[in-house]
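Overview (structure and organization)
Okay, here's what each chain looks like letter by letter:
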Amino acid sequence: MAESNCTRVAAFSLAGFTDDPVSQLTLFFLFLLIYVVTILGNLMMIALIRTSPRLHTPMYYFLGNLAFVDLCSSTIITPKTLVDFVSEKKGIAYAGCVAQVFIFCLFGVTEGFLLAVMAYDRYVAICHPLVYSVVMSPKCCFQLVATSYLMGLTNGVGQTMGMVNLSFCGSSVINHFFCDISPLVSLSTSGSTLSNVILRTLAVLFGVSSSFVVLVSYIAIVSSILGMPLAKGKRKAFSTCASHLAVVSLFYGTSAFIYLKDSSREDKWTAVLYTMVTPMLNPLIYSLRNQEVKEALRRLTK
């Protein structure tokens, strides 16, 4: 009976990180700096890839899409968080919450599959260099990227459907700094079994499948590198994978920690890693460790 008398909430309140004004101001400037670096770094990466003919290769085509995804996923979270730091009421409309869940889930899974595609690209380049240009044709690259976005779209729709079926009759305070599906399920007063099943199923389906591609690709890559006769060849082959390995470890490590365990207060800071810090670090990792990117940047500045 209580469920039938439940009125759909018009807005949620976000608990955020702290109520201390000094801490809020400190976090505001810290997150603002992170966001500015994220915007500049990813825009720079996209501009370099589009303007430099030497970067018109499959690897940088995937990297350009990764930069676009990082730009979008960070923008759906960080500006709202910054506004909340300087506002008395940290609220978000129900429709805005639904949109945030959908877009963040879309780009989150898209990034995972783009990293898997990039791992496969490195596998072909190192293990089958003679047929690389044939296997990684422009048509194949486009299909791989389109599939990544399609998987993200499927996840976004599934997670959103799970959210709109939830009822919120009690507290409307989300114990997080943005609308994530896990704290919303915890806040719901309706039977959340179906939503939990959807959440876990999609997480396993998309997370495990993309990480499996990464794992299998790097097992083959490591085996191929160890079989190389010259140490110089081994170093060159490993250097082409080092940046991607760093990004993969950061992305999958934080995502697995946050979604494969029960919610806790510390999860907010883990969420900061994959919603704000990872999109900032990705272009920095690739630009600082990649000679081709640094050379393209020097040409552009000249």
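Residues numbered from 1 in each chain as written. Predicted model: local features only at pLDDT ≥ 70, side-chain atom pairs only at ≥ 80, totals over all residues. Heavy atoms only, no water.

In terms of regular secondary structure, the protein chain is built from eleven helices and three strands. Helices (α) and strands (β) of the protein chain occur, in sequence order from the N terminus, as β-α-α-α-β-α-α-α-β-α-α-α-α-α. Buried residues in the protein chain amount to 47% of all 302 residues. Pairs at least 24 apart in sequence give 79% of the contacts found in the protein chain among residues at least 6 apart. Carbon and sulfur atoms provide 69% of the accessible area of the protein chain, an area that totals close to 14,900 Å². (Helix = DSSP H or I, 4+ residues; strand = E, 2+ residues; numbered from the N terminus. Buried < 20%, exposed > 50% of the residue type's maximum accessible area, 1.4 Å probe, protein only. Contact = heavy atoms within 4.5 Å. Areas by Shrake-Rupley, 256 points an atom, 1.4 Å probe, with all protein chains shown as cover.)

On to the sheet that holds strand 3 (residues 173-174), then. Overall, mixed pairing links the three strands, which are arranged 2-1-3 in an open sheet. Of all strands in the sheet, those with a lone pairing partner are strand 2 (91-93) and strand 3, marking the two edges. As defined by bridge partners, strand 1 (residues 11-14) adjoins strand 2 across three bridges and the pair is classed as antiparallel. Considered in strand 2, the bridge of F12 is made with I92. The strands that helix 4 (residues 94-127) touches are strand 1, strand 2 and strand 3; relative to strand 2, the one it contacts most, it runs at about 85°. (Pairing = 2+ DSSP bridges. Axes fitted to C-alpha atoms, helices over the stretch in contact; angles between N-to-C directions.)

Right, let's talk about the environment of L297 for a bit. Inspection of the secondary structure puts L297 in helix 11 (residues 291-301). C-alpha separation for the pair L297 and S287, spaced ten residues apart in sequence, amounts to 8.8 Å. Residues within four places of L297 in sequence aside, it is in contact with M44 and L48.

Looking now at helix 2 (residues 58-75). Compared with the 26 Å implied by 1.5 Å per residue over 18 residues, the 26 Å span of helix 2 between its first and last C-alpha is a close match. Counting buried residues in helix 2 gives 15 out of 18 residues, a clear majority hidden from the surface. (Expected span 1.5 Å × (residues − 1).)

Turning next to the confidence of the model for the protein chain. With 87% of its residues at a pLDDT of 70 or more, the protein chain shows a mean pLDDT of 83. Highest mean pLDDT in the protein chain belongs to helix 2 (93); lowest belongs to helix 9 (residues 231-259) (73). (pLDDT = per-residue confidence, 0-100.)

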